[in-house]
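Analysis of the macromolecular model
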Amino acid sequence: MNSSIKRKIMFLLSITSLLSSSVFLIYSINVFEKDKIAYIYDSNSVYLETITNQFKNETKLAAEISKKYLSEYQKNKSFHSGGDSMFLDDDSFVKGLFLVDITSPTQPKLVDKITTKTNFTFKLTEDSSFIKSIPRTLAESKSMFLGGEEVFINDIVYDADEKIALVTVFKSDALQSFFQSDKAYTSYMMNMNGDVFRQTDKLEAGHLKDQFPVIFEKIDSIKMGTSEIKSKTSDAFLLSSSSLGVNDLYLLTLTNKKEAFGVLTYLINKSLIVFLMVLSGVVLASQFASTYITKRILVLYEAAKQIISGDFKINIEVKGNDEISLLSQTFNKMAVEIVKLLEESAQGARLEAELKTAQAVQQTLFPPSHSKFECGEIHGSYQSASECGGDWWHYFENENKIWIWMADATGHGAPAALITSAIKSAVAMTENLKMEPEMAIELVNKSICQVSKNKMMMTCFLGVIDKKSKVIHYVNASHEAPFILSKRTDLKKKDLRFLDNSKCNRLGQSLTSEYTVASEQLEVGDRLFVYTDGIPDIRNKAEESLQERGMFRVVLENHNKGTNVTDFIVGIQTQFDTYRENTELIDDVTFFAVDLT
Amino acid sequence: MSKLQFATTQDNGKTVLTLAGQIDESFPQDLHNVKPGAEMIINLDQVKMINSLGIREWIKFMGSVAATKIEFIKCPKIFIDQVNMVQGFITPNCKITSFYVPYFNEDSNAEKNVLYSQGKEFGEGFLNVAGSVKGEDGSDLDLDVVEQKYFKFLKN
């Protein structure tokens, strides 16, 4: 489990970092490369423009100087008439002036010349091919040509009938600089016919045509501007060109793209190194983070195992305030709650067991549900609303009397059940004593008062039936009044006779309570019905109470069937159960009937 | 069902205590602190239930107002049942001047509570119990209590 989560976290962090860094790297390189290309293109174009402009200015300057000398010549018929000051010195921009008579194109003649002493590489003589080439050059309308490092500008001047050519020679700094071999590019001067007039110093002749045949295949496309071309060896080169403005000459530069992008390659390599370093850092950080997280999860895992093994005494150390800390806090709380719940469950189970015991004990407080006497028969029913109830009923024979008791403690459940135990004990004491009912109940009241300390009370009905006279003497301690059903089987509610002439304090209400007895003459065939107030409170699923009305109806229906006391009680119980539909009882339900025979 | 609510007002120098809800173990202790004066009317019209634990609290309350002349009005059946059954549920300084008598039709399950008032349906030496009354739908409703048992308190 540990390695799995750890690896997942590491993988997730690493892959996220790798992807984001890669995207950033690719994007950055792409942007930088575009910017670099634009920069190279732009700088090459600007450079060529600068060179061509500089050359044009040099040409103009040379022409103006030559015009001054021509004017002097025309005035004095000599370049040297102005003295030494008119001579070109060694540092002069213009290196020489030549006047050549080209009246006869086949036999041109040098008329006059003036040159610097040094820095002039082109040797001129009257017989030189240079003098001879001038008429042809002019005939081809070429106003300029190159010779070594010098540039020659041709002009035709007319002197009377003579056709004189003025050739101005100057050394172009612009071109000299352009063709130097220490550049990152190679330079060329060529025309649209594909004639290469000059190239970077130290390059072999025919280099351009040999290495870049593509230029000559599409020579018209070489105008001003910059483009990318392939060399013969398929290397990429950046080609820039600009018109020189003289004849149809163009200046070209070729830059090896690989070399031009050397910085970019360097940058990419550096970036990759940095990227790998960052990635390594991320992996290490991931390792640390995943170890940190999984270590804490492992603590939770171990704690969970501890709980599974039944040991709930855990206390996970909570560090920080993150989700795992919250989980740890919750885990600790959960363990505490589980312990609490288990204790409560154990306590609940113990209480339940105790209640079961109490229930079993309480069952012993009740008499058999059915019994026959010399002059009668009794049958009762008891249902508790919970494990233990607060209702209690009892009967016994004492010489020629039948004693019947019905009591109902306030509330129900265990507290009420305890008080029923007290009344059972107190009543048991009276069984063998020959005393009047009011005395018996007073004795019981005192017992209850001593036990309950006025916290619990009981309603109670005590009836003592004389077997011979069939007179019932009764005391009612605020209990539901029992009623008598005669032996007729067409009884209605109004035919019921209530034993309600005794109304006394509840048991446990006061030690000094006085109890008065009342009497009622019964007859053979009469049925005495005694009950607790739980009956009217019986509810069905619709939470409708049976009420007193329902109770009377059920009792009368079963009585009018003319059955014996057992069937009478069972019939009533059955109807109550049917009405209740298995819903819980609100209060204990107890009732019994005595049939006099 | 709601716990017992109470409110007191004054009417011609008498304290009128109105109770509503159920009289049970949640009996409000503040009720024991009510100072009614010499006479008090207790309106029980909205009392819906009384259980054995409530009876104990009620008897305590009756003890706390034993010096006050109390008149109960609009007593529901559940109250009258307790008066008939429980010794001390109302004290000798109390009298019931009006109470409800339930009527019922077993065929239609129609119910009606008829208010019996002192001087009209009952009084010194007389009780006029109607065996049946007309329900809201015109049907005959029969007396829904045992006359001997329910009106027992009037004899005392």
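Residues numbered from 1 in each chain as written. Chains lettered and ligands numbered in written order. Predicted model: local features only at pLDDT ≥ 70, side-chain atom pairs only at ≥ 80, totals over all residues.

1. Describing the overall build of chain B
Across its full length, chain B carries 4 helices and 11 strands. Split into buried and exposed, the 156 residues of chain B put 31% on the buried side. Put simply, of all contacts in chain B between residues at least 6 apart along the chain, 64% involve residues at least 24 apart. (Helix = DSSP H or I, 4+ residues; strand = E, 2+ residues; numbered from the N terminus. Buried ≥ 20, exposed ≤ 12 C-beta atoms within 10 Å, placed from the backbone. Contact = placed C-beta atoms within 7 Å.)

2. Thoughts on the overall build of chain A
A count of helices and strands for chain A gives 12 helices and 21 strands. Looking at chain A residue by residue over its 597 residues, the buried ones come to 33%. Sequence-distant contacts in chain A: of pairs separated by 6 or more residues, those separated by 24 or more amount to 64%.

3. Notes on the nonpolar core
Residue and element names in this part refer to chain A. Counting 99 residues, the largest nonpolar core has Ile423, Ile448, Met458, Cys460, Leu462, Phe529 and Val530 as its most contacted members. It is helix H9 (residues 414-431) that provides the largest number of residues to this core, a total of 7 residues. What Cys460 contacts, discounting residues up to four positions off in sequence, is Met406, Ala407, Ile441, Ala477, His479 and Leu507. With 22 residues, the next largest nonpolar core counts Met190, Leu208, Phe237 and Leu254 among its residues. (Core = buried A, V, L, I, M, F, W, Y, C linked by C-beta atoms within 7 Å.)

4. Quick notes on the sheet that holds strand E8 (residues 225-230) of chain A
Residues and elements named next belong to chain A. Read across the sheet, 5 strands follow the order E7-E6-E10-E9-E8 without closing on themselves; strand pairing throughout is antiparallel. At either margin of the open sheet sits one strand with a lone partner, and together these are strand E7 (196-199) and E8. When strand polarity is set aside, the average angle formed by the axes of neighbouring strands in this sheet is 25°. Sheet analysis places strand E9 (residues 236-243) next to strand E10 (residues 249-256), joined by 7 bridges and oriented antiparallel. Across the sheet, residue Phe237 finds its bridge partner in E10, namely Asn256. (Pairing = 2+ DSSP bridges. Axes fitted to C-alpha atoms, helices over the stretch in contact; angles between N-to-C directions.)

5. So, the interface of chain B and chain A
Contact with chain B, which involves 14 residues of that partner, is made by 15 residues of chain A. Those elements giving two or more residues to the side of chain B that touches chain A turn out to be helix H1 (52-64) and helix H3 (147-150) of chain B. Residues belonging to the side of chain B that touches chain A are distributed by class as follows: 5 nonpolar, 4 polar and 5 charged. (Nonpolar A, V, L, I, M, F, W, Y, C, P; charged D, E, K, R; others polar.)

6. Here's the deal with the environment of A:Tyr250
Along the polypeptide, A:Tyr250 turns up in strand E10. Remark: the alpha-carbon pair of A:Tyr250 and A:Asn191, spanning 59 residues in sequence, is separated by 5.8 Å.

7. Looking at the sheet that holds strand E17 (residues 483-485) of chain A
Residue and element names in this part refer to chain A. Across the sheet, which stays open at both edges, the 6 strands sit in the order E11-E12-E21-E20-E17-E18 with antiparallel pairing between neighbours. The open sheet has two edge strands with one neighbour each: strand E11 (370-372) and strand E18 (497-498). By the bridge criterion, 5 bridges tie strand E20 (residues 527-531) to strand E21 (residues 589-596) in an arrangement that is antiparallel. Along E21, the bridge assignment pairs Arg527 with Asp595. Its contacts with the sheet put helix H12 (residues 565-580) on E11, strand E12 (376-383), E20 and E21, and the angle it makes with E12 is roughly 20°.

8. Topic: the environment of B:Asp140
Residues and elements named next belong to chain B. With respect to the helices and strands, Asp140 occurs in strand E11 (residues 140-143). Asp140 sits in the partly exposed class, given 14 other C-beta atoms within 10 Å. Along the sequence, Asp140 and Asn105 sit 35 residues apart, while their C-alpha atoms lie 6.8 Å from each other. Sequence-distant contacts of Asp140, that is, excluding residues within four places in its chain, are made with Asn105, Ser132 and Lys134.

9. Focus: unusual backbone geometry
In this structure, A:Glu543 takes a positive phi of about 60° despite not being glycine. Here A:Glu543 shows up in the loop between E20 and helix H11 (547-559). You can call A:Glu543 exposed: it has 8 C-beta atoms within 10 Å. Positive phi, close to 50°, is recorded for B:Asn12, a residue that is not glycine. You can see B:Asn12 is positioned in the loop between strand E1 (5-11) and strand E2 (14-23).

10. A closer look at helix H10 (residues 437-452) of chain A
Residues and elements named next belong to chain A. An ideal rise of 1.5 Å per residue puts 22 Å on 16 residues; H10 measures up with 22 Å between its terminal C-alpha atoms. Restricting attention to buried positions, one finds in H10 the residues Pro437, Glu438, Ala440, Ile441, Glu442, Val444, Asn445, Ile448, Cys449 and Ser452. Within two residues after H10, Lys453 carries a phi angle of roughly 50°, on the positive side. (Expected span 1.5 Å × (residues − 1).)

11. Quick notes on the packing of H11(A) against H12(A)
Packed helices, taken two at a time, are described by the angle their axes make and the gap between the axes. All names here are of chain A. Two numbers describe how H11 lies on H12: the axes approach to 9 Å, and their chain directions differ by 140°. If you check the angle between H11 and H12, you find them oblique. Between H11 and H12 lies a crossing of right-handed hand. Contact residues: H11 offers Val554, Val555, Asn558 and His559, while H12 offers Phe568, Gly571, Ile572, Gln575 and Phe576. In the contact of H11 with H12, the residues fall into 5 nonpolar, 4 polar and no charged. (Parallel < 35°, antiparallel > 145°, perpendicular 65-115°, else oblique. Left-handed = near helix turned anticlockwise from the far one by under 90°.)

12. Re the pairing of E8(A)
Residues and elements named next belong to chain A. Here E8 runs beside E9; their pairing, made up of 6 bridges, is antiparallel. The partner of Ile229 across the bridge, within E9, is Phe237. Between E8 and E9, which pair antiparallel and follow one another directly, the connecting turn spans 5 residues, one of which, Ser234, has a positive phi of 65°.

13. Comments concerning the pairing of strand E4 (residues 69-73) of chain B
All names here are of chain B. Covered by surrounding structure in E4 are Ile70 and Phe72 only, the residues Lys69, Glu71 and Ile73 on the alternate face being uncovered. Pairing of strand E3 (residues 39-50) with E4, which is carried by 5 bridges, proceeds in the parallel orientation. By the bridge assignment for E4, Asn43 is matched with Ile73. Read from E3 through H1 to E4, the crossover connection turns out right-handed. Where E4 meets strand E5 (residues 94-96), 3 bridges bridge the pair, whose relative direction is parallel. Bridging across to E5, Ile70 finds its partner in Cys94. (Right-handed = clockwise from strand over helix to strand, strands pointing away.)

14. Looking at the packing of H9(A) against H10(A)
Residue and element names in this part refer to chain A. With their axes 9 Å apart at the nearest point, H9 and H10 run at an angle of 145° to one another. Handedness of the H9/H10 crossing: right-handed. Here H9 contributes Ile419, Ala422, Ile423, Ala426, Val427 and Thr430 to the contact with H10, which in turn contributes Ala440, Leu443, Val444, Ser447, Ile448, Val451 and Ser452. Split into classes, the residues belonging to the contact of H9 with H10 amount to 10 nonpolar, 3 polar and no charged.

15. Brief notes about helix H2 (residues 77-85) of chain B
Working note: α-helix, 3.6 residues per turn, so residues spaced by three or four point in the same direction. Residues and elements named next belong to chain B. In terms of burial, H2 is a largely internal element, 7 of the 9 residues being buried. Among all positions of H2, only Phe79, Ile80, Asp81, Gln82, Val83, Asn84 and Met85 are buried. Close packing links the buried residues of H2 with E3, H1, strand E6 (98-105), H3 and helix H4 (152-155).

16. Observations regarding the confidence of the model for chain B
Summary statistics for chain B give a mean pLDDT of 91 and a share of 99% for residues scoring 70 or more. Both scores are given for the predicted complex: the pTM is 0.58, the ipTM 0.89. (pLDDT = per-residue confidence, 0-100.)

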